[in-house]
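As a plain string of letters, each chain reads:
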Amino acid sequence: MTRRAFWQSGLVLVALATFAMAFKGIFARLVYQYGVSVDVLLIWRFVLAVPLFWVGALWLNRHRPKARLSGRQWLLCGVSGLLFFFSTWCDFNAIHELGASLSRMLLYLFPALVMLLDAARTRRLPSPLHALVFAGAWTGIALLLLPGWHDGRVTVHGVLYGLGAAACYASFLTLGQGLMKPLGSVRFNQVSNSFTLVFMAVGLLPGIPAGDLVLSAPALGWMVVLVVLSTVLPFFLLFEGFHRANASEAAVVAMFGPVVTVTAALALFPDEHLGPLQWLGMVVVLASIGALKLVKAPG
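Residues numbered from 1 in each chain as written. Predicted model: local features only at pLDDT ≥ 70, side-chain atom pairs only at ≥ 80, totals over all residues. Heavy atoms only, no water.

Colleague: So, the overall build of the chain: which residues are in play, and what are the values?
Modeller: Check the secondary structure of the chain and you find 14 helices and zero strands. Beginning at the N terminus, the succession of helices and strands in the chain can be written as α-α-α-α-α-α-α-α-α-α-α-α-α-α. Out of the 299 residues belonging to the chain, those deemed buried represent 53%. Put simply, 90% of the contacts in the chain that link residues at least 6 apart link residues at least 24 apart. Roughly 13,800 Å² of accessible area belongs to the chain as shown, and the carbon and sulfur atoms make up 70% of that amount. (Helix = DSSP H or I, 4+ residues; strand = E, 2+ residues; numbered from the N terminus. Buried < 20%, exposed > 50% of the residue type's maximum accessible area, 1.4 Å probe, protein only. Contact = heavy atoms within 4.5 Å. Areas by Shrake-Rupley, 256 points an atom, 1.4 Å probe, with all protein chains shown as cover.)

Colleague: Provide a residue-level description of helix H9 (residues 156–183), including the pertinent values.
Modeller: Over its 28 residues, H9 runs 39 Å from end to end, which matches the ideal 40 Å to within 8%, given 1.5 Å per residue. Note on H9: the residue one or two positions beyond its end, Gly 184, has a positive phi of about 85°. (Expected span 1.5 Å × (residues − 1).)

Colleague: Account for the side chain of Asn 93, naming residues and giving values.
Modeller: Looking at the secondary structure, you find Asn 93 in helix H5 (residues 71–98). Here Trp 89 takes part through its backbone oxygen, which lies 2.7 Å from a polar atom of the side chain of Asn 93. Contact partners of Asn 93, with chain neighbours within four places excluded, come to Val 38 and Tyr 161. (Polar contact = N/O pair within 3.5 Å; in protein donor to acceptor, adjacent residues only side chain to side chain.)

Colleague: Provide a residue-level description of a nonpolar patch on the surface, including the pertinent values.
Modeller: A surface patch of nonpolar side chains, about 440 Å² in accessible area, is lined by Leu 52, Leu 220, Val 224, Val 228, Leu 229 and Leu 233. Ranked by the residues each element gives to the nonpolar patch, the list is headed by helix H11 (residues 217–244), at five residues. Positionally, Leu 229 belongs in helix H11. (Patch = residues over 30% accessible without salt bridge, like charges linked within 9 Å, V, L, I, M, F, W, Y side chains within 5 Å. Salt bridge = Lys/Arg side-chain N within 4 Å of Asp/Glu carboxyl O.)

Colleague: An account of the packing of aromatic side chains is needed here, citing residue identities and associated values.
Modeller: Applying the stated rule across the entire model yields eleven aromatic pairs. Ring centres of Trp 74 and Phe 195 lie 6.2 Å apart, and the angle between their planes is 70°; on these two criteria the pair is classed as edge-to-face. Taken as a pair, Trp 74 in helix H5 and Phe 195 in helix H10 (residues 185–203) lie far apart in primary sequence, 121 residues in all. For the ring pair Phe 84 and Tyr 169, a centre distance of 6.5 Å and an interplane angle of 50° mean the geometry is tilted. Highlighted residues: Phe 84 in helix H5 and Tyr 169 in helix H9, separated in sequence by 85 residues. (Phe/Tyr/Trp six-rings, centres within 6.5 Å; stacked < 30°, edge-to-face > 60°.)

Colleague: Any chance you could break down the state of the cysteines for me, citing the residues and the numbers?
Modeller: One pass over the structure, following the stated rule, counts zero disulfides. Of all cysteine sulfurs, the one in Cys 90 lies closest to Cys 168, which takes part in no disulfide; the gap is 5.6 Å. (Disulfide = S-S within 2.5 Å.)

Colleague: Give a detailed account of the packing of helix H4 (residues 38–60) against H10, specifying residues and quantitative values.
Modeller: Contact pair H4 / H10: the axes reach a minimum separation of 9 Å and the direction vectors enclose 155°. Judged on the interaxial angle alone, H10 and H4 are roughly antiparallel. Helix-helix and strand crossings are classified by hand; for H4 and H10 the assignment is left-handed. For the pair formed by H4 and H10, the contact residues are Leu 42, Ile 43, Phe 46, Val 47, Val 50, Phe 53, Trp 54, Gly 56, Ala 57 and Leu 60 on the first element and Val 186, Asn 189, Gln 190, Asn 193, Ser 194, Thr 196, Leu 197, Met 200 and Ala 201 on the second. Looking at the contact of H4 with H10 residue by residue, the classes come out as 13 nonpolar, six polar and no charged. (Axes fitted to C-alpha atoms, helices over the stretch in contact; angles between N-to-C directions. Parallel < 35°, antiparallel > 145°, perpendicular 65-115°, else oblique. Left-handed = near helix turned anticlockwise from the far one by under 90°. Nonpolar A, V, L, I, M, F, W, Y, C, P; charged D, E, K, R; others polar.)

Colleague: Give a description of the side chain of Ser 192 that names residues and reports values.
Modeller: Among the structural elements, Ser 192 can be located in helix H10. Engagement of the side chain of Ser 192 in a polar contact is seen with the side chain of Ser 80, the distance being 2.9 Å.

Colleague: Provide a residue-level description of the environment of Leu 204, including the pertinent values.
Modeller: Relative to the helices and strands, Leu 204 resides in the loop between H10 and H11. Here the alpha-carbon distance between Leu 204 and Trp 89, two residues 115 residues apart in the chain, equals 9.8 Å. Sequence-distant contacts of Leu 204, defined by excluding residues within four places in its chain, comprise Asp 39, Leu 42, Ile 43, Phe 85, Trp 89 and Phe 199.

Colleague: Go over the packing of H4 against H5 with me, naming the residues and quoting the values.
Modeller: Packing of H4 against H5 leaves a shortest axis separation of 10 Å and a crossing angle of 130°. In terms of their interaxial angle, H4 and H5 are classed as oblique. In the crossing of H4 with H5, the sense of the turn from one axis to the other is right-handed. Across the interface between the two elements, Val 38, Asp 39, Leu 41, Leu 42, Arg 45 and Phe 46 from H4 touch Phe 84, Thr 88, Trp 89, Phe 92, Asn 93 and His 96 from H5.

Colleague: I'd like to hear about the environment of Gly 35, residue by residue, with values.
Modeller: Structurally, the position occupied by Gly 35 is in the loop between helix H3 (24–32) and H4. Looking at Gly 35, the relative accessible area reads 70%, which means it is exposed. In sequence terms Gly 35 and Ser 216 are 181 residues apart; their C-alpha atoms lie 9.6 Å from each other.

This is the structure we're talking about:
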């Protein structure tokens, strides 16, 4: 494989996107420290991100004929936008309740759900080797969830938010794969995220006092970093990667995201720490992902 082909391969694109998205919880915590609420953060995030999605889509598709959406495709894009709205709302509430580390662990249960949904769609069970590699990675995540960190800061609401984010995100990714084939990943991101902004404006904006929407300069600065590095850029990379790679392999590669988040959170936030079992869990996750290259996709 040439160097250019390597950097354009699906699994590499998924890995780069996962690395960038892993810092979402870190940047969100940095925004929260300035008194910004979850709903205000979400509104600002998509107000800033959606125009960038449109500019990126116009630039990347400038030499391609514009895809015309059928009524069914508009409906499915709307559903995907609604799923991402719920996933994002649950996710940022989980970050607020549990911190960056534990919320990432729960969100990154989504590869298990992607694999199950993909198996149901294709009516084909994952290969035994695929299942074994994934079981190893999931065991690592289970170790990360055991007691031994966060000074007991685990709430039922936070866990439910995290699980809800994982379920909605897995559904969103699965639906998006089907839409990307006729529309392309860029066009899909453009339309789907526009729907997400509409749902947020309708569902969240009326309940936010006007004064709360005013951000301080540092909060706005971290918000811009969150939008560019952990929202817009990884979205283009992630969906193009899922488009080029086998869905099950890409889902397992994406599981190293929590390890990146935990490492950064430990360095930045004194209230987030790991015990011996959690360190073992990170090693198991990394080992499982490393073994992925030995596993061939079924069929």
